[in-house]
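Per-entry structural report
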Amino acid sequence: MRHISKLAEPNVLSTNKANWLTEYKADKTNGTKKYRYRHSDIKGQLKDETGFKCIYCESKIGHNTPGDVEHIIPSSKNEDMHFEWENLTIACTECNRRKNAYYEQGEEFLNPYSDNDLEDLIEHFGPIVNWRNGHVRAEITVKILELNKPTRVQLILRKIEKIEDTNTLIERFIAEQNPTLKQIHKLQLEQMTLVDAEFSGMVKSLISQKGIL
Ligand SMILES: [Zn+2]
């Protein structure tokens, strides 16, 4: 997980959310009224904000890893938050399914927008993530999402591939004699640690363990 910042609320949401909420509450079985937060302006801004990634497992959302708009506080726990910009983000189908309607005040999932120390609370051991010892919310997040369980084998295998790519590049960077190529490898490694890069929390940890960058 990476710390991210909220972008500006799309006009279509700020203009319409009060009416949308009223209409949704009056007719909850109506899919058109329920899913208006999937408007392309809203989803597009959320994808830009999250780097097209699931905020929980850091998979890139796409063909292999479908994802959708996620409610940080589930609508079943607080329906007034159903169209609130601060409550909307992006998660992959696998994380979304495991989180389901979980939300407990004070024991809620780590929040990439508001937990400034988030990146210190999640520890990376190869493709496996763990939580800082004694941090209840971090442990709940990792355990409910099953981020370190064989049930997430596809995720873990993709992370292993990323580790192999990163290690190859680190070895090339260390061994490179040509200063221009060395600089290019360094820039590539830096790009892999950016917030919008896939699994960059893990990659950042791996690169720092090697003592480079
Ligand atoms: Zn995910």
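Shown above is the structure to which this text applies.
Quick caveat: nothing in here was measured; it's all calculated off a predicted structure.

What about the packing of helix α7 (residues 153-175) against helix α9 (residues 200-209)?
The angle between the axes and the distance between the axes are what describe a pair of packed helices. Running from N to C, α7 and α9 point in directions that differ by 35°, and their axes come no closer than 10 Å. The way α7 lies across α9 gives a crossing that is right-handed. Judged by residue contacts, Lys159, Lys162, Ile163, Thr166 and Ile170 of α7 engage Met202, Val203, Leu206 and Ile207 from α9. Of the residues contributing to the contact of α7 with α9, the split by class is 6 nonpolar, 1 polar and 2 charged.

Some thoughts on helix α6 (residues 136-145)
Of all the residues in α6, the buried ones are Ala138, Thr141, Val142 and Leu145. Buried residues of α6 fall within an arc of 90° about the axis and therefore sit on the same side. Where α6 is buried, its residues meet α4 (93-99), α5 (118-121), β3 (122-125) and β4 (128-131). Remark: glutamate 146 follows α6 within two positions and exhibits a positive phi of approximately 55°.

What to know about the nonpolar core
In this structure, Cys54, Tyr56, Cys57, Ala91 and Cys95 are the most contacted members of the largest nonpolar core, which totals 26 residues. Looking at this core, the elements that each hand over two or more residues are α3 (40-50), β2 (88-92), β4 and α6. At 4 residues, β2 tops the list of elements feeding residues into this core. In contact with tyrosine 56, not counting residues within four places along its chain, are Met1, Ala91, Cys95 and Leu145. Judged by nonpolar contacts, the second largest core, of 8 residues, contains Phe173, Met192, Val203 and Ile207.

Some details on helix α8 (residues 179-192)
Helix length check: α8 (14 residues) gives 20 Å between terminal C-alpha atoms against 20 Å at 1.5 Å per residue, within 8%. Within α8, burial applies to His185, Leu189 and Met192. All buried residues of α8 lie within an arc of 55° about the axis, which places them on one face of the element. Facing away from the buried surface of α8 by more than 90 degrees, the exposed residues are Pro179, Thr180, Gln183, Leu187 and Gln191. Buried residues belonging to α8 abut α7 and α9.

Some points on the packing of α7 against α8
Where α7 meets α8, the closest approach of the two axes is 9 Å, and the angle between their N-to-C directions is 150°. As the angle between them shows, α7 and α8 are arranged roughly antiparallel. Once α7 is placed against α8, the crossing between them reads as left-handed. Note on element contacts: α8 touches α7 through Lys182, His185, Lys186, Gln188, Leu189 and Met192, opposite Thr166, Leu169, Ile170, Arg172 and Phe173. Among the residues forming the contact of α7 with α8, the class breakdown is 5 nonpolar, 3 polar and 3 charged.

Criteria and thresholds
- Residues numbered from 1 in each chain as written.
- Predicted model: local features only at pLDDT ≥ 70, side-chain atom pairs only at ≥ 80, totals over all residues.
- Axes fitted to C-alpha atoms, helices over the stretch in contact; angles between N-to-C directions.
- Helix = DSSP H or I, 4+ residues; strand = E, 2+ residues; numbered from the N terminus.
- Left-handed = near helix turned anticlockwise from the far one by under 90°.
- Contact = placed C-beta atoms within 7 Å.
- Nonpolar A, V, L, I, M, F, W, Y, C, P; charged D, E, K, R; others polar.
- Buried ≥ 20, exposed ≤ 12 C-beta atoms within 10 Å, placed from the backbone.
- Arc of directions from axis to C-beta.
- Core = buried A, V, L, I, M, F, W, Y, C linked by C-beta atoms within 7 Å.
- Expected span 1.5 Å × (residues − 1).
- Parallel < 35°, antiparallel > 145°, perpendicular 65-115°, else oblique.

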